[in-house]
Amino acid sequence: MLFRSMKALLLSTTLISAHSAYAIEENINSKPIFIAGSTTVTELLVDIKDDLSQEFGNSIQIRPMGSDKGIKAIAENVIDIGTSSRYLSKEEQQRWPFLRQIIIAQDAIAFFVNKNLNITELTTKKLSDIYQGKLKAWSEVSPYTPELSAKNDEILLFSKGTNHGSFDVFLEYLNLDYIQEPGSNFIRLKIAGNRGLFSDKKVELYDQFNQALGIVQRIPNAIAYDSYGAISKLENDRRINKVALLQIDGVSPSVESIQNGDYAFVRPLVLIVNTQSPRSKKIGNRLDVIVKSHKIQQRMLEFGYLPVKQ
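Cut-off values and rules
Residues numbered from 1 in each chain as written. Predicted model: local features only at pLDDT ≥ 70, side-chain atom pairs only at ≥ 80, totals over all residues. Heavy atoms only, no water. Helix = DSSP H or I, 4+ residues; strand = E, 2+ residues; numbered from the N terminus. Buried < 20%, exposed > 50% of the residue type's maximum accessible area, 1.4 Å probe, protein only. Contact = heavy atoms within 4.5 Å. Salt bridge = Lys/Arg side-chain N within 4 Å of Asp/Glu carboxyl O. Axes fitted to C-alpha atoms, helices over the stretch in contact; angles between N-to-C directions. Parallel < 35°, antiparallel > 145°, perpendicular 65-115°, else oblique. Left-handed = near helix turned anticlockwise from the far one by under 90°. Core = buried A, V, L, I, M, F, W, Y, C linked by side-chain atoms within 4.5 Å. Polar contact = N/O pair within 3.5 Å; in protein donor to acceptor, adjacent residues only side chain to side chain. pLDDT = per-residue confidence, 0-100. Pairing = 2+ DSSP bridges.

Enquirer: Requested: an account of the overall build of the protein chain, with residues and values cited.
Expert: Each helix and strand counted, the protein chain has 14 helices and 14 strands in total. Its C-alpha atoms give the protein chain principal-axis dimensions of about 100 × 45 × 30 Å. Sorting the 310 residues of the protein chain into buried and exposed places 50% on the buried side. Contacts in the protein chain between residues far apart in sequence, at least 24 positions, make up 70% of those at least 6 positions apart.

Enquirer: Go over helix α4 (residues 67–75), please, and point to the residues and values.
Expert: Note that an α-helix has 3.6 residues per turn; residues three or four places apart therefore point the same way. Inspection of α4 places S67, G70, I71, A73, I74 and A75 among the buried residues, and these make up the whole buried set. Where α4 ends, the next residue or the one after it, N77, has phi of about 60°, a positive value.

Enquirer: Would you mind going over the pattern of salt bridges in detail, with residue names and values included?
Expert: Tallied over the entire structure, the rule returns 20 salt bridges. With its nearest N and O atoms 3.4 Å apart, the salt bridge here joins R286 to E55. In this pair, R286 is assigned in helix α13 (residues 278–291) and E55 in helix α3 (residues 49–56), connecting sequence segments 231 residues apart. A residue is classified by how much of its surface remains accessible, and R286, at 35% relative accessible area, is partly exposed.

Enquirer: Could you give an account of the side chain of S53, naming the residues involved and the relevant values?
Expert: Relative to the elements of secondary structure, S53 occurs in helix α3. For S53, the contacting residues outside a window of four places in its chain are N58, S59 and I60.

Enquirer: Can you explain the packing of α3 against α13? Please cite residues and give values.
Expert: It is at 11 Å that the axes of α3 and α13 come closest, and there the two elements cross at 120°. Relative to α13, the element α3 is oriented oblique. Handedness of the α3/α13 crossing: right-handed. Judged by residue contacts, L52, E55 and F56 of α3 engage I283, R286, L287, I290 and V291 from α13.

Enquirer: Account for the nonpolar core, with residues named and values stated.
Expert: One finds I104, F111, I130, Y131, F170 and I223 to be the most contacted residues of the largest nonpolar core, which totals 80 residues. Ranked by residues supplied to this core, first place goes to strand β4 (residues 99–114) with nine residues. Core analysis: the second largest hydrophobic core is formed by 15 residues, A36, I79, F98 and V308 among them.

Enquirer: Tell me what's going on with unusual backbone geometry, and back it up with residues and numbers.
Expert: With phi around 60°, N118 is a residue other than glycine that occupies positive phi space. Following the sequence through the fold, N118 ends up in the loop between β4 and β5 (121–122). Taking the relative accessible area as the measure of exposure, N118 reaches 44% and is therefore partly exposed.

Enquirer: Residue-level account of the environment of R286, with values.
Expert: Through-space distance from the C-alpha of R286 to that of R267 is 24 Å; in sequence the pair is 19 residues apart. Apart from residues no more than four positions distant in its own chain, R286 is found in contact with E55 and F56. Within the structure, R286 has its side chain in polar contact with the side chain of E55 (distance 3.4 Å).

Enquirer: A description of the confidence of the model for the protein chain should follow, citing residues and the corresponding values.
Expert: For the protein chain, per-residue confidence averages 89 on the pLDDT scale, and 91% of positions sit at 70 or higher. In this model residues 1–24 is a low-confidence stretch, pLDDT under 50, and it forms one contact with partners more than four residues away in sequence or in other chains.

Enquirer: Describe the side chain of D107, with residues and values.
Expert: Counting through the fold element by element, D107 comes out in strand β4. Side chain to side chain, D107 and S227 meet in a polar contact 2.7 Å long. A polar contact is formed between the side chain of D107 and the backbone nitrogen of G229, at a distance of 2.9 Å. With sequence-adjacent residues up to four places away left out, D107 is seen in contact with T40, S227, Y228, G229, I258, F265, V266, R267, L269 and Y305.

Enquirer: Go over the pairing of β4, please, and point to the residues and values.
Expert: Of all 16 residues making up β4, 13 are buried, and the element is well covered by its neighbours. Sheet analysis places β4 next to strand β13 (residues 266–274), joined by nine bridges and oriented antiparallel. Its bridge partner lying in β13, I103 is registered against V270. Note that β4 and strand β14 (residues 306–307) share two bridges and pair antiparallel. Within β14, the position partnered with Q106 by the bridge is L306. In this structure, β4 lies alongside strand β10 (residues 222–227), joined through five bridges in antiparallel fashion. Bridge pairing in β10 links V113 to I223.

Listed below in structure tokens is the structure:
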């Protein structure tokens, strides 16, 4: 009797295990695939969303929330795939060693100003000085700036929000550190590692690429930055008819200058997989194959992103 009971229990357990494994297999496409994180990467994924959905045979939901939030969300297994426009930090890798990074493309951050300033080029040094508030007027930056009123000559600073990968790249390349005023949408900057005071010049934060474009279109003395891939798609769009994309140290951002390393402000576009989640792991493995296919890589190039083969 005891033997029969144990045998029945063993058989029952085996069937449950098999059913669970089958359920995991089935559940991959039983609900939409949820991808969230970096606004830059989600911008790219929206462009190729139909291709990805066709490959999966499933609908895909994409939500921009910033790299930091996307990394945390995938680590806590509340989304299927996270996205980031930077590598995981050492602290993040130590905290969540089960996160896998899939590099799908290279992009760059591009700086832009209003065309009315008649400024087409800045050096890295001048950019750093501008964002530290050492240069406070556009007439101090370039001799070619037309005569402006005192109000329009003042440099107004804008930056991607601190939870975005673009912001981390901005700090790294300009060698800056920041402090945020509690409860505000402003930061102040200084040279990283310098024990001196933070600048008294406020930098206003934004979250979305379209916000950055709108700011520079509307405000003649503003400077901002965002994804080169995103802005390159709008070459003849009225939304950027007043926007001048800046050369940095004599080099314009382009697919070619990103590829050959001439343009400095380059960063990776990354998919983040939670390897502790069978669902995330399987979706990640499939995405890894899809985004490396010739078709998808050509689509990325069409939209101004440099695909990565590895």
